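Read off the chains here:
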Number of protein chains: 10
Amino acid sequence: MLFAVQMTVNIPHDLDPEVRADTVAREKAYAQELQRDGTWKHLWRIAGTYSNLSVFEVADGDALNDVIWGLPLFPYMDIEVTALARHPSAI
Amino acid sequence: MLFAVQMTVNIPHDLDPEVRADTVAREKAYAQELQRDGTWKHLWRIAGTYSNLSVFEVADGDALNDVIWGLPLFPYMDIEVTALARHPSAI
Amino acid sequence: MLFAVQMTVNIPHDLDPEVRADTVAREKAYAQELQRDGTWKHLWRIAGTYSNLSVFEVADGDALNDVIWGLPLFPYMDIEVTALARHPSAI
Amino acid sequence: MLFAVQMTVNIPHDLDPEVRADTVAREKAYAQELQRDGTWKHLWRIAGTYSNLSVFEVADGDALNDVIWGLPLFPYMDIEVTALARHPSAI
Amino acid sequence: MLFAVQMTVNIPHDLDPEVRADTVAREKAYAQELQRDGTWKHLWRIAGTYSNLSVFEVADGDALNDVIWGLPLFPYMDIEVTALARHPSAI
Amino acid sequence: MLFAVQMTVNIPHDLDPEVRADTVAREKAYAQELQRDGTWKHLWRIAGTYSNLSVFEVADGDALNDVIWGLPLFPYMDIEVTALARHPSAI
Amino acid sequence: MLFAVQMTVNIPHDLDPEVRADTVAREKAYAQELQRDGTWKHLWRIAGTYSNLSVFEVADGDALNDVIWGLPLFPYMDIEVTALARHPSAI
Amino acid sequence: MLFAVQMTVNIPHDLDPEVRADTVAREKAYAQELQRDGTWKHLWRIAGTYSNLSVFEVADGDALNDVIWGLPLFPYMDIEVTALARHPSAI
Amino acid sequence: MLFAVQMTVNIPHDLDPEVRADTVAREKAYAQELQRDGTWKHLWRIAGTYSNLSVFEVADGDALNDVIWGLPLFPYMDIEVTALARHPSAI
Amino acid sequence: MLFAVQMTVNIPHDLDPEVRADTVAREKAYAQELQRDGTWKHLWRIAGTYSNLSVFEVADGDALNDVIWGLPLFPYMDIEVTALARHPSAI
């Protein structure tokens, strides 16, 4: 099943710079691993913002929940989840 | 997989009374059939409004979409879908 | 009487880690105790977020208030309460 | 149990004037009957608008739902329901 | 004249605990004094939240302003004021 | 006592043109009469919109309610009322 | 360049049924043609609603505007456009 | 002085087609005349919508109001006005 | 030209008390000076809140911007600016 | 391609004053350089606020994203991006 997920990152300005750099690096590695295994099907930057629009292919809500809670930047994110379905006009 | 769905009904005041009565009756029959087959697990009235909070158990987004588009009152509804997952504290 | 309650948790990033761990643990114990005694009837994770959708069965608003104010994580929560009623199509 | 209910009336401008007058009259009678029997404890006009703020004392959500659905103007109302509880500082 | 006032309290988590306890205590005393003198006519807890719905009877906006600015918790409150009037259906 | 009132006019496009012209004319006469007697203290057009920002001086909420409900265009208005008080820095 | 576009369809209930059927059919044909030529890269139904989430690959804003204004259902749509960019973690 | 104005057009679907075509044509002529005389300095389509973002150079609020109320499509528009000033970093 | 400006003050609770007192005092002096010279034509407290509704008479947007940015409390304010025009019914 | 971008700056009150001054200075230099090279076509202050309305001419979303992420004040900004297109009435 597909979910569209919009993630907006708000890292507090007073977060320890090393914690920040490490978290951002782990986030990138995590995202790339999930793209390689096909879970994270699309990852686009929303132009001009610290947000992304992503599409995940997972078994169900539990699986999506595990993936999102696994994001290193999760504690600093506002997240909107939209369940998707096949569109009758899609070819 | 579970989805919480909030449905708010706005039937236009100038809809033909017979069309209205028939649609509402078909809606009830449809809802009761889906409750009997376990798809529509919970159906609560949001007190004092023409809205309900429901929980559906379906295979995925496609299945949910078919169920909701099948509602006779669908054309007169504002609908919010929330994907659910197992809560780590749920027993 | 039934209430649907949506709880969104925002734990400040600079909260003492021990206070945080202890509070989260007490929250889980509290939630499981109330599920066992039938007060907390449903507890679902809103997939991909630090929110839950719950349904409580309590005597009235006072009882609900006591239950929610008793949540260890209450000080860090945004809470929406929706009063429910029996739906005419519910079987 | 107490509920605060805010009701905003939007009567379509093209509603038959007789239907409108009759509905408004029945609404007044209904409201006054419920005030006399103690269900409708407070009824205030929100100054300068076609809205009211009311407080109902009813057994539970089901009872509130029956009262509100019984309002002749219900089909033309936007309704917000707020469950109330006893305040620890109330004397 | 009557005003409905909804107050939502957001006490910063890092406020000195003694300052917090003292402020909350002064708030309770202030609220009870104003209830005794008839200014604070209704004080309800909005069930499950750190908000209240209150109704004040005061001479005018200046008087209301003085009462609300006098609340010890005022600096930590989001406040919505609604001017009320007599409803034509009120008995 | 002073109230700021923002009024947005939404006249349905299919309203009988004569009814419209008559209502708008009666609205102007009503507004000018209330300005002459000091009730309607300020009347500004919100530039580029069919809205106005007004300030009324009336005894209380009841008086404001009567004035606003007396507006010929009232049925076609969205209205926001803000109770005002004397500002400590006002000279 | 990529744009994410969310389209919500609100077909008036009193639209001539033939006009409706014809418009919906032309919409499907238009969508499938643009998918075939690579302009309409993704078309997902937002589960349980009459909305879709789409991704378009077009030269620029002018091109996107022409595509969207060409939708037969355009007059009945609420549309949100989000400009996308390459994400630094995308593989 | 400069004003940014966002205009969203919502022409009712049941408006007489001839009235619609004539109004849209007069709107275009009006817009082009004001661009030629320098009042309407910028006129951009918000890509994929029936909205525009415009910048007007006028003497003051009264002048802006006259210009906007003169728009043939004004009765069918939602309008947001933003007053602009010289930015300290503008060259 | 006239502008209506709504200012909501949010002074951080951990601001140095002396800085706070000094800033508030300078704010009052600044406001009174501008009232005396006719720039700040109206200053009303929004009853029960730390907000004010003001009306300024200035040459244009640049002048308004200078006045508002000159407010000592400006860094702690949420500000909404509304451009005003002469109302056709104003006497 | 053109993008309209609204930027609202929220610099934390407890940011080191030197960091603040340096960042604001670098922001000004960055903005002026991009105006000189034609990327930043318009930069207006939204009167009375710490926001600006800007128009950028860039190749596409990627280019816009690089420009905006390059803003020294970016970490302290709320940003809204609107894709623009040529308006059919523009001369």
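Just so you know, these numbers come straight off a predicted model, no measurement behind them. (Residues numbered from 1 in each chain as written. Chains lettered and ligands numbered in written order. Predicted model: local features only at pLDDT ≥ 70, side-chain atom pairs only at ≥ 80, totals over all residues. Heavy atoms only, no water.)

Caption draft 1: How the structure looks around the overall build of chain A. In terms of helices and strands, chain A carries 2 helices and 4 strands. Start at the N end of chain A and walk to the C end: the helices and strands fall as β-α-β-β-α-β. Taken along its principal axes, the extent of the C-alpha atoms in chain A is 50 × 25 × 20 Å. Residues classed as buried in chain A amount to 57% of the 91 residues present. Of all intrachain contacts in chain A linking residues separated by at least 6 positions in sequence, the fraction that spans at least 24 positions is 69%. (Helix = DSSP H or I, 4+ residues; strand = E, 2+ residues; numbered from the N terminus. Buried < 20%, exposed > 50% of the residue type's maximum accessible area, 1.4 Å probe, protein only. Contact = heavy atoms within 4.5 Å.)

Caption draft 2: The interface of chain G and chain H, seen in detail. Counting residues at the interface gives 12 residues for chain G and 7 residues for chain H. With both sides pooled, the region where chain G packs onto chain H buries about 700 Å², and carbon together with sulfur makes up 66% of that total. Here chain G is connected to chain H by 0 salt bridges. Between chain G and chain H we count 3 residue pairs in polar contact (both at pLDDT 80 or more) in total. At the level of elements, helix H2 (61-69) and strand E4 (77-86) of chain G are the ones that each hand at least two residues to the side of chain G that touches chain H. For the side of chain G that touches chain H, the element with the highest residue contribution is H2(G), accounting for 5 residues. Residues of the side of chain G that touches chain H, tallied by class, amount to 9 nonpolar, 2 polar and 1 charged. (Buried area = accessible area lost by both parts, 1.4 Å probe. Salt bridge = Lys/Arg side-chain N within 4 Å of Asp/Glu carboxyl O. Polar contact = N/O pair within 3.5 Å; in protein donor to acceptor, adjacent residues only side chain to side chain. Nonpolar A, V, L, I, M, F, W, Y, C, P; charged D, E, K, R; others polar.)

Caption draft 3: Expanded view of the relation of the copies chain G and chain A. Superposing chain G onto chain A takes a rotation of 180° plus a shift of 0.0 Å along the axis, which leaves an RMSD of 0.0 Å. Here the symmetry operator amounts to a two-fold rotation axis. Mapped onto chain A, 100% of the interface residues of chain G are again interface residues, and the two copies thus contact each other with one and the same surface. (Least-squares fit on C-alpha atoms with pLDDT ≥ 70 in both.)

Caption draft 4: Summary view of the pattern of salt bridges. Counting across every chain of the model gives 20 salt bridges over all chains. A salt bridge links E:Arg26 to E:Asp22, with the shortest nitrogen-to-oxygen separation between them at 3.0 Å. A residue pair is termed a helical-turn pair when its members lie 3 or 4 positions apart in one helix, as E:Arg26 and E:Asp22 do in helix H1 (residues 17-36) at 4 residues. You can call E:Arg26 partly exposed: its relative accessible area is 42%. In this structure E:Asp22 comes out as partly exposed when scored by relative accessible area, which is 39%. Between J:Lys41 and J:Glu57 there is a salt bridge, and its shortest N-O distance comes to 3.3 Å. Placement of J:Lys41 in strand E2 (residues 40-46) and of J:Glu57 in strand E3 (residues 51-57) is noted, with a sequence separation of 16 residues between them. Relative accessible area serves as the criterion here: at 41%, J:Glu57 is assigned to the partly exposed category.

Caption draft 5: Structural context of the packing of aromatic side chains. Applying the stated criterion to the full structure yields 30 aromatic pairs over all chains. Relative to B:Phe74, the ring of B:Trp69 lies with its centre 4.7 Å away and its plane at 35°, an arrangement referred to as tilted. Judged by centre distance (4.6 Å) and plane angle (45°), the rings of J:Trp40 and J:Phe56 are tilted. You can see J:Trp40 sitting in strand E2 and its partner J:Phe56 sitting in strand E3, a full 16 residues away along the chain. With relative accessibility at 3%, the residue J:Trp40 sits in the buried group. A network of ring pairs unites the aromatic residues A:Tyr50, J:Trp69 and J:Phe74 as a single cluster. (Phe/Tyr/Trp six-rings, centres within 6.5 Å; stacked < 30°, edge-to-face > 60°.)

Caption draft 6: Structural view of the relation of the copies chain G and chain H. Here chain G sits on chain H after a turn of 72° about the axis and a move of 0.0 Å along it, with an RMSD of 0.0 Å. On this basis, the relationship between the two copies can be described by a five-fold rotation axis. The rotation axis passes nearest to the C-alpha of G:Asp14 in chain G, at a distance of 8.0 Å.

Caption draft 7: Focus on helix H2 (residues 61-69) of chain A. Those residues of H2(A) lying buried are A:Gly61, A:Leu64, A:Asn65, A:Val67 and A:Ile68. Along the axis of H2(A), the buried positions cluster into a sector of 165°, meaning they face one direction only. Next to the buried residues of H2(A) lie strand E1 (2-9), helix H1 (17-36), strand E3 (51-57) and strand E4 (77-86) of chain A, strand E4 (77-86) of chain B together with strand E2 (40-46) of chain C. Here H2(A) starts with a cap whose side-chain oxygen sits 3.1 Å from the backbone nitrogen of A:Asp62, and that cap is A:Asp60. (Arc of directions from axis to C-beta.)

Caption draft 8: Structural context of the sheet that holds E4(B). In spatial order, the strands read E1(B)-E3(B)-E2(B)-E4(C)-E1(C)-E3(C)-E2(C)-E4(B); together these 8 strands close into a barrel with antiparallel pairing. For this sheet, the mean inter-axis angle between neighbouring strands, taken without regard to orientation, is 35°. As paired strands, E2(C) and strand E3 (residues 51-57) of chain C are joined by 5 bridges and run antiparallel to one another. Bridging across to E3(C), C:His42 finds its partner in C:Val55. Helix-sheet contacts for helix H1 (residues 17-36) of chain C involve E2 and strand E4 (77-86) of chain C, and the interaxial angle to E2(C) is about 135°. The strands that helix H2 (residues 61-69) of chain D touches are strand E2 (40-46) of chain B together with E4 of chain C; relative to E4(C), the one it contacts most, it runs at about 70°. (Pairing = 2+ DSSP bridges. Axes fitted to C-alpha atoms, helices over the stretch in contact; angles between N-to-C directions.)

Caption draft 9: Quick look at the arrangement of the chains. Structurally, chain C and chain J remain out of contact, their C-alpha atoms never closer than 15 Å. Note that chain F does not reach chain J: the shortest distance linking a C-alpha of one to a C-alpha of the other is 15 Å.

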